[in-house]
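# Geometric and topological summary
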2 protein chains.
Amino acid sequence: MVTPVVDAAAVARAIEAMTAALGGDAIQTDRAALDEFRDPFWVRGADDHDVAAAVMPKSVEEVQTVVRIANEHGVPLWTVSTGRNYGYGGAAPRVAGSILVNLSAMNKVLEINEDLGYAVVEPGVRWFDLCDALEEQGGKWWSSIPDLGWGSVVGNSLEYGRGHTRYGSHGSNICGMEVVLPNGELMRTGMGAMNGNKAWHVYPFSYGPSVDGLFMQSGMGIVTRIGWRLMPRPEKYASCWLHFDGDEIIVPVIDTMRELMLDETINNYPFLGRGVAANAEGQPDLDPTSQKWALRFALYGYEEIVTAKWRIVERKLGAIPGVQLGMKLYDGTDRVGPDQGIHDDRVQAGIPGMELLDLYKVPFGPDTGHLDFSPVGPLVGTEVLAMVRRVRGLYEQFGEPYAAGLMLLPTSIIVVSVMFFDPKDEAKTRAIYDNYDPMLKALAGEGYGLYRTNIYKMDAVADTFDFNDHAMRRFLETLKDAVDPNGILQAGKQGIWPKGMRDR
Amino acid sequence: MVTPVVDAAAVARAIEAMTAALGGDAIQTDRAALDEFRDPFWVRGADDHDVAAAVMPKSVEEVQTVVRIANEHGVPLWTVSTGRNYGYGGAAPRVAGSILVNLSAMNKVLEINEDLGYAVVEPGVRWFDLCDALEEQGGKWWSSIPDLGWGSVVGNSLEYGRGHTRYGSHGSNICGMEVVLPNGELMRTGMGAMNGNKAWHVYPFSYGPSVDGLFMQSGMGIVTRIGWRLMPRPEKYASCWLHFDGDEIIVPVIDTMRELMLDETINNYPFLGRGVAANAEGQPDLDPTSQKWALRFALYGYEEIVTAKWRIVERKLGAIPGVQLGMKLYDGTDRVGPDQGIHDDRVQAGIPGMELLDLYKVPFGPDTGHLDFSPVGPLVGTEVLAMVRRVRGLYEQFGEPYAAGLMLLPTSIIVVSVMFFDPKDEAKTRAIYDNYDPMLKALAGEGYGLYRTNIYKMDAVADTFDFNDHAMRRFLETLKDAVDPNGILQAGKQGIWPKGMRDR
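Residues numbered from 1 in each chain as written. Chains lettered and ligands numbered in written order. Predicted model: local features only at pLDDT ≥ 70, side-chain atom pairs only at ≥ 80, totals over all residues. Heavy atoms only, no water.

The next subject is the overall build of chain A. When helices and strands are tallied, chain A shows 14 helices and 20 strands. The globule rule puts the C-alpha radius of gyration for 504 residues at 23 Å, and the 23 Å found for chain A is close to it. Projected onto its principal axes, the C-alpha positions of chain A cover 65 × 55 × 45 Å. Split into buried and exposed, the 504 residues of chain A put 66% on the buried side. A sequence separation of at least 24 residues applies to 71% of the contacts in chain A between residues at least 6 apart. Counting only carbon and sulfur atoms, one obtains 49% of the accessible surface of chain A, whose full area is about 16,300 Å². Each charge class in chain A was averaged separately, 47 positive and 66 negative side chains, and the resulting centres sit 2 Å apart. (Helix = DSSP H or I, 4+ residues; strand = E, 2+ residues; numbered from the N terminus. Rg over C-alpha atoms; globule rule 2.2 N^0.38 Å. Buried < 20%, exposed > 50% of the residue type's maximum accessible area, 1.4 Å probe, protein only. Contact = heavy atoms within 4.5 Å. Areas by Shrake-Rupley, 256 points an atom, 1.4 Å probe, with all protein chains shown as cover. Lys, Arg positive; Asp, Glu negative; His and termini not counted. Charge placed at Lys NZ, Arg CZ, Asp CG, Glu CD.)

In this section: the pairing of strand E5 (residues 109-113) of chain A. Residue and element names in this part refer to chain A. Inspection of the sheet shows E5 paired to strand E6 (residues 118-121) by four bridges, in the antiparallel sense. Within E6, the residue paired with valine 109 across the bridge is valine 121. Connecting E5 to the antiparallel partner E6 that follows it, the hairpin turn spans four residues, and glycine 117 within it adopts a positive phi of roughly 70 degrees. (Pairing = 2+ DSSP bridges.)

With that out of the way, let us pick up the relation of the copies chain B and chain A. Rotating chain B by 180 degrees about the axis while translating it 0.0 Å along that axis superimposes it on chain A, leaving an RMSD of 0.0 Å. Both copies are brought into coincidence by an operation consistent with a two-fold rotation axis. A symmetric contact is evident, with 100% of the interface residues of chain B recurring at the interface of chain A. (Least-squares fit on C-alpha atoms with pLDDT ≥ 70 in both.)

Our next topic: helix H4 (residues 127-136) of chain B. Residue and element names in this part refer to chain B. Among all positions of H4, only Trp127, Leu130, Cys131, Ala133 and Leu134 are buried. Taken down its axis, H4 places every buried residue within 155 degrees of arc, on the same side. Where H4 is buried, its residues touch strand E5 (109-113), strand E6 (118-121), strand E7 (141-142), helix H5 (153-158) and strand E10 (222-229). Of the residues flanking the end of H4, it is glycine 138, one or two places downstream, whose phi is positive at about 120 degrees. (Arc of directions from axis to C-beta.)

Strand order in this open sheet of four strands is E1-E2-E4-E3 (chain B), and the pairing throughout is mixed. The open sheet has two edge strands with one neighbour each: strand E1 (27-28) and strand E3 (77-80) of chain B.

A few words now on the pairing of strand E16 (residues 369-373) of chain A. Residues and elements named next belong to chain A. With respect to burial, E16 is a largely interior element, five of its five residues being buried. The alternating pattern of E16 places Gly369, Leu371 and Phe373 and His370 and Asp372 on opposite faces, both of which are buried. Bridge count for E16 against strand E19 (residues 412-421) is five bridges, and the pairing is antiparallel. Paired with glycine 369 across the bridge in E19 is phenylalanine 421.

A few words on the sheet that holds E6(A). Residues and elements named next belong to chain A. Taken together, five strands build an open sheet; the order of strands is E5-E6-E10-E8-E9 and the sheet is antiparallel. The sheet is open, and its two borders are formed by E5 and strand E9 (186-188), each paired with just one other strand. Between one strand axis and the next, the sheet turns through 10 degrees on average, direction left out of account. Of the strands in this sheet, E5, E6 and strand E10 (222-229) are in contact with helix H4 (residues 127-136), which crosses E5 at around 45 degrees. (Axes fitted to C-alpha atoms, helices over the stretch in contact; angles between N-to-C directions.)

Attention now goes to the side chain of His170(B). In this structure, His170(B) sits in the loop between H5 and strand E8 (174-180). Beyond its immediate sequence surroundings of up to four residues, His170(B) is in contact with Trp127(B), Ser144(B), Ile145(B), Pro146(B), Asn156(B), Ser157(B), Gly161(B), Arg162(B), Gly163(B) and Trp228(B).

It is worth spelling out the interface of chain B and chain A at this point. In this complex, chain B contributes 97 residues to the contact, which on the side of chain A involves 97 residues. Interface of chain B and chain A: buried area, both sides summed, is about 8,300 Å²; carbon and sulfur atoms make up 64% of it. A salt bridge links Glu304(A) to Arg311(B), with the nearest nitrogen and oxygen atoms 3.1 Å apart. At the junction of chain B and chain A, the tally comes to 49 residue pairs in polar contact (both at pLDDT 80 or more). Secondary-structure elements contributing two or more residues to the side of chain B that touches chain A are strand E9 (186-188), helix H6 (250-262), helix H7 (303-316), strand E17 (375-378), strand E19 (412-421), strand E20 (449-450), helix H13 (458-464) and helix H14 (467-483) of chain B. For the side of chain B that touches chain A, the element with the highest residue contribution is H14(B), accounting for 11 residues. (Buried area = accessible area lost by both parts, 1.4 Å probe. Salt bridge = Lys/Arg side-chain N within 4 Å of Asp/Glu carboxyl O. Polar contact = N/O pair within 3.5 Å; in protein donor to acceptor, adjacent residues only side chain to side chain.)

One finds Tyr203(A), Phe215(A), Phe373(A), Tyr203(B), Phe215(B) and Phe373(B) to be the most contacted residues of the largest nonpolar core, which totals 294 residues. Once residues lying within four places of it in the same chain are set aside, the contact partners of Phe215(B) are Phe475(A), Leu158(B), Met177(B), Val179(B), Leu181(B), Met187(B), Met220(B), Gly221(B) and Val223(B). (Core = buried A, V, L, I, M, F, W, Y, C linked by side-chain atoms within 4.5 Å.)

Here we take up the packing of helix H1 (residues 8-22) of chain B against helix H3 (residues 60-73) of chain B. For any two helices packed against each other, the geometry comes down to the angle between their axes and how far apart the axes lie. Residues and elements named next belong to chain B. H3 packs onto H1 with a crossing angle of 150 degrees between their chain directions and a minimal axis gap of 9 Å. In terms of their interaxial angle, H1 and H3 are classed as roughly antiparallel. Seen along the crossing, H1 lies across H3 with a hand that is right-handed. On H3, the residues touching Ala10, Arg13, Ala14, Ala17, Met18, Ala21 and Leu22 of H1 are Glu62, Thr65, Val66, Ile69, Ala70 and His73. (Parallel < 35°, antiparallel > 145°, perpendicular 65-115°, else oblique. Left-handed = near helix turned anticlockwise from the far one by under 90°.)

This part takes up the packing of H6(B) against helix H11 (residues 381-397) of chain B. Residues and elements named next belong to chain B. Interhelical geometry of H6 versus H11 gives an angle of 130 degrees and a closest axis separation of 7 Å. Relative to H11, the element H6 lies oblique. Every pair of crossing elements has a handedness; the one defined by H6 and H11 is right-handed. Where H6 approaches H11, its residues Ile250, Val251, Ile254, Asp255 and Arg258 are matched on the opposing element by Gly381, Thr382, Val384, Leu385 and Val388.

A few words now on the state of the cysteines. Residue and element names in this part refer to chain B. Under the defined criterion, the tally for this structure stands at zero disulfides over all chains. No disulfide involves cysteine 131; its sulfur sits 19 Å from the nearest other cysteine sulfur, which is in cysteine 175. With relative accessibility at 4%, the residue cysteine 131 sits in the buried group. (Disulfide = S-S within 2.5 Å.)

Looking now at the side chain of His370(A). When you line up the elements, His370(A) lands in strand E16. Sequence-distant contacts of His370(A), that is, excluding residues within four places in its chain, are made with Phe41(A), Tyr86(A), Gly87(A), Tyr360(A), Val418(A), Met419(A), Phe420(A) and Phe421(A).

This paragraph deals with the confidence of the model for chain A. When pLDDT is averaged across chain A, the result is 94; 97% of the residues are at 70 or more. This complex was scored by the predictor with a pTM of 0.97 and an ipTM of 0.97. (pLDDT = per-residue confidence, 0-100.)

Shown next as structure tokens:
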């Protein structure tokens, strides 16, 4: 376990220099104000992830200035876009005493390309902002969005966040980045590595190696803009669901869904839920023994295509014993229809909202905290059932209620499960966090890794990626040391520590 | 311009050590045998890209041994999978006197996953081999393939090669790699960074940064296996074409194609050709003034979907004045139909062949050489017409016949043009290569970069990626120096030189 020590005097000097360079309005050092940046599910009394100050650059040049000052003084920065990231630590840094770089003032939609279907956004642009901008331009394009609309397009995508339209794999949706490197230099990726290149945000590769992946879940640079793929609004949109009662039915449902996704009948990223996020009518099912599942998915296209696809869906999914299948058909070009539907109708039509946050507050009231445990597996029915039963069994073993939301990709699945807790109940909350580690080890031992985790568990999850004595982590550390020799950016992010902080 | 000097005595010692470690059969030093690895369009008399020896490892462990010996002796390696790469230098290394690492003996299809639709292949597996293996397993799955079947799946994909089915963006088709790093260590990427992980070849991201892109067009490691996505054979497959005479018609055709690709009516990677590769009946059109264009594309899916899609295609593309539109409908599950069709029918159905090679020999007989010039632009009709005219104008200016094959992506396009020459005509061949540079500069000045180039032009193309004083190249050099401090792997690949060989 790494326990980095931050030189508070150096941090104070860096804050002074940043104040001089950016103006006092750009820097917060007031403790009450800084508490805003704590993990929203922070355990009261703990201060091991508090920031020393927060700086809010308004331009790329100011980000570069902040980075250069951090290098001069050798102090750690922790970057957030808007700092939501609920369940993963919010805006809180891995290393207490870091200076928070809050990018939420860089919130411009720099371009919406009406012909080519992409937007160029800064890190402070929220899903709400992007979708408003698309509406204002005439509503030809949809953006894929996650369940909550308040987060950052850039921040979510860099964490491999997920949405629910055709372009729901947000990490794959980025096309061309601009990055401030740890040495303060500005770099553009892909075709953008050429001045004035016209294909920066449309061609997905580089000449030579493609480096975009290096800036995902990473401390290799501060991404200051991305190209973001949009989806044309379809003529018709079918918001579909399938309900069943009994875990065993997962097997034929998953196998049929895989077939329908691989043959492109279903062309969005479906979601299969149980418990809080499971019910298509938006009501939580808090019975821990319940085996009621709700699957949602979408069909998009010209009317004759959606009609033909629905017939195929009825033939294949509808043939599974014990399922109820249904569909609402909307004009995809008309926002009003889905907007008046339930959350599932809206989120698969790129209409952002906040309604799911309320759902997450049901277990313990407004302060309900949650910790997500999200192993990835192959999209095979028997495998998914085994994973669900294994994870459910671990929840039962630790006496925690089980809620699950499974995110389907064409050939893999993220089996998100959610541990709810009341942060005011310190003992119980600590038990929840403690139980995470044996669960993690049990699943890793069976061949399942997590796709993402919170600041408290980054090292523990990194430990499970153990092929050839953690060859990947050692390779990433080599890269980290080369591009960030002073170790100033996102120390400890996803278990990658700079040289000066490693105890290995 | 970099002129690296290789220590021939050190190379001789390394060859000796490799012979001792791998056995004499694994090493070729005979000049006549080594000439096999020259650029197939090599200019007679030139020896500036000859190899000193070729080593053929049969296992990952032997690759590691070769890399370790190269580090010990500080000698440069140049890796090829099968060493085709026609038009880009074949198997020839950037640096003369390198030891060629020929991976063609590592030619096992390690897995075909019938449920999840992926193959795991070693670098020596050719398109022919993979497609044979898929046939043998029952033919449930298609692989995307390029026009020639003799190349390597791994080699082509790592160069961002392209195919013509739904999964025709080969760089995007890789899911999970195994890599021998320049220090000889073995690393697995993505979920494979965990021992025994079940989602290695199905989940496309990592925990933490994703490094797969670093090994594309790169000298950061030797990729010894990849996961490769397959496409389920569709119920029906429509092989479609559209012919027109007159460059101006490019504008509505491209704009309509973009719409049809973005709304997923057309779900393959279409190809628009003029000249040698243009004619759907497989005959070259060598008239340099010809404005006859042939577009090919495919529709895949259940019969009712393909039928509905074809009606949409007829409505949209068929409405453009001056075009002829046609289609052949095949049973996608039956290989025989497309197999009896023309090249276009086969290649869009994943049936590999060699017929295009003959077509490329028409201009100057069996020894015809070609140099490809392939700028990338946005998929907008007026832009594409402007690029075609600009490139055609440069060919006219230099008195070269113009042949073009445009590869359509959903929002971008690679405007491949082909300069044919007779390598026996040394003066003319040198002129072709010399003309490349002003063409490159002209296009770069207008915002177009190349997606790939041959060993002779790697530095020149890298020079055009000039944003912020070549920030991307400097970043890649930083990474290169960190992971390959002795500079042994692919020195100069895509203009990235190790520290000891840079003159900057």
